[in-house]
Amino acid sequence: MTLTKPKKIENKIAAKETLLTPRFYTTDFEEISKLDISKNQQEIEAIVEEFRIDYNRDHFIRDKEFSKTWDSFDEKTRNIFIEFLERSCTAEFSGFLLYKEISRNLKNLNPLLAEGFSFMARDEARHAGFLNKAMSDFNISLDLGFLTKTRKYTFFSPKFIFYSTYLSEKIGYWRYITIYRHLEKNPSYRVYPLFRFFESWCQDENRHGDFFAALLKSQEHLLNTNEARLWCRFFLLSVFATMYLNDLQRKDFYASIGLNAKEFDQYVIRKTNQSAKTLFPIVLDVDHPEFFLLLDKCSTINQKLSEIDKEEYSTIAKSIFKVPYYGKLIFTLIKLYLLKPIETNYIWAM
């Protein structure tokens, strides 16, 4: 590889939204501000203190390896790397905006939570900025300002934010650390320097997950009730299925770094499910003989939906053709949800 010549950076607008693209969220800030966290305040304070230390303050600094040119990538490899960076940057930036807004709205009403969310926003901003800078190595930059103004925001109630973000952060940890360990053992596949940063990076994800776990513990009704059991089960399936369908669509990216997308996802799902056992009263039986078979069926249906999108049909025609596949997808997901879960016997009590 040779040193990079001055290059023109193309400003890119994010890809259009689909059911599986990273979304931007908003929530009921007043409800969060009124949370009584006294039942687990000590643990929350300890995690916020870890945030203050800021272990990764000097971690996200590009070194001379980034100064090389990546023009040697063929067009296909270049495109799959750009898509990976774009999706990752959008997801991190989405987290930054949500955490920043929660912190801003809680500042005078719940200072401890406001501080915690502020530190997480700091981390997510670093991640997003680092990823966007990586895109510039491929002569592309994501227009985050435009994204802020134009992206649709989905409202989630606070409890849904807590469940889903806890799982998203924990699954992010397992994804990053698994890729890092694989490339540590197989350095010939570490074709881009970004992956060297994943070991410390994933610790940010892990601490964020711990913060949400501590927050959930402060609200016993979000863990100890029958309703909570249903929601825990729902969000586990939602997060697992979203990752599985996304990654199997992008198996070429994982192949480029020496990973089998299906095997990678199954490992990450098992490890995240195992992590959830330390918090949730119920987890999914991911070793049930039908679990991954049904997820594979969902993936096949999702592929059919993607193929319809690529056809030169009108928008109305595409919507009509998709209806039976959406029906099959929903039915298969319901079958997954109804598989007998595993009781963890976890009951949080102070």
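Residues numbered from 1 in each chain as written. Predicted model: local features only at pLDDT ≥ 70, side-chain atom pairs only at ≥ 80, totals over all residues. Heavy atoms only, no water.

Student: Sorry if this is basic, but what is going on with the overall build of the protein chain here?
Tutor: Along the protein chain, the regular secondary structure elements total 12 helices and 6 strands. Counting only residues that meet the buried cut, the protein chain has 52% of its 350 residues in that class. A sequence separation of at least 24 residues applies to 85% of the contacts in the protein chain between residues at least 6 apart. Of the accessible surface of the protein chain, which amounts to about 17400 Å², a share of 54% is contributed by carbon and sulfur atoms. One way to put it: in the protein chain the 50 positive side-chain charges average out to a point 3 Å from where the 47 negative ones average out. (Helix = DSSP H or I, 4+ residues; strand = E, 2+ residues; numbered from the N terminus. Buried < 20%, exposed > 50% of the residue type's maximum accessible area, 1.4 Å probe, protein only. Contact = heavy atoms within 4.5 Å. Areas by Shrake-Rupley, 256 points an atom, 1.4 Å probe, with all protein chains shown as cover. Lys, Arg positive; Asp, Glu negative; His and termini not counted. Charge placed at Lys NZ, Arg CZ, Asp CG, Glu CD.)

Student: Teacher, can you tell me more about the environment of phenylalanine 198 here?
Tutor: As for its placement among the helices and strands, phenylalanine 198 is situated in helix α7 (residues 198-217). Given a relative accessible area of 1%, phenylalanine 198 falls into the buried group. For the pair formed by phenylalanine 198 and phenylalanine 264, sequence separation is 66 residues and the distance between their alpha carbons is 16 Å. Excluding anything up to four places from it in sequence, phenylalanine 198 contacts Phe84, Tyr176, Ile179 and Tyr180.

Student: Quick question: what am I supposed to make of the environment of isoleucine 177 here?
Tutor: Among the secondary structure elements, isoleucine 177 is positioned in helix α6 (residues 158-185). Taking relative accessible area as the criterion, isoleucine 177 reaches 3% and is therefore assigned buried. As for isoleucine 177 and tyrosine 267, which are separated by 90 residues in sequence, their C-alpha atoms are 12 Å apart.

Student: Just to check I follow, could you spell out the pattern of salt bridges for this structure?
Tutor: Proximity of charged atoms lets side chains of opposite charge pair with each other. Across all of its chains, the model carries 24 salt bridges by this definition. With its nearest N and O atoms 4.0 Å apart, the salt bridge here joins aspartate 54 to arginine 57. Relative accessible area serves as the criterion here: at 8%, aspartate 54 is assigned to the buried category. Classification of arginine 57 by relative accessible area gives partly exposed; the value is 48%. Through salt bridges with shared partners, a single ionic network connects Asp54, Arg57, Arg122, Asp123 and Arg126. (Salt bridge = Lys/Arg side-chain N within 4 Å of Asp/Glu carboxyl O.)

Student: What am I meant to see in empty space enclosed by the protein here?
Tutor: To find leftover empty space, one rolls a probe the size of a water molecule over the atoms. Going through the model one piece at a time under the given rule, you end up with 1 cavity of 30 Å³ or more. Its boundaries defined by the atoms lining it, the largest cavity holds a volume of some 40 Å³. Taken together, Glu50, Phe51, Asp54, Tyr55, Asn56, Arg122, Asp123, Asp204 and Arg207 form the lining of the largest cavity. Looking at the lining of the largest cavity, the elements that each hand over two or more residues are α2 (41-53), α4 (111-136) and α7. (1 Å grid on protein atoms, 1.4 Å probe; cavity = no way out; pocket = protein on both sides within 12 Å on 5 of 7 lines; lining within 4 Å. Points joined across faces, edges and corners; volume = space filled by probe spheres on them.)

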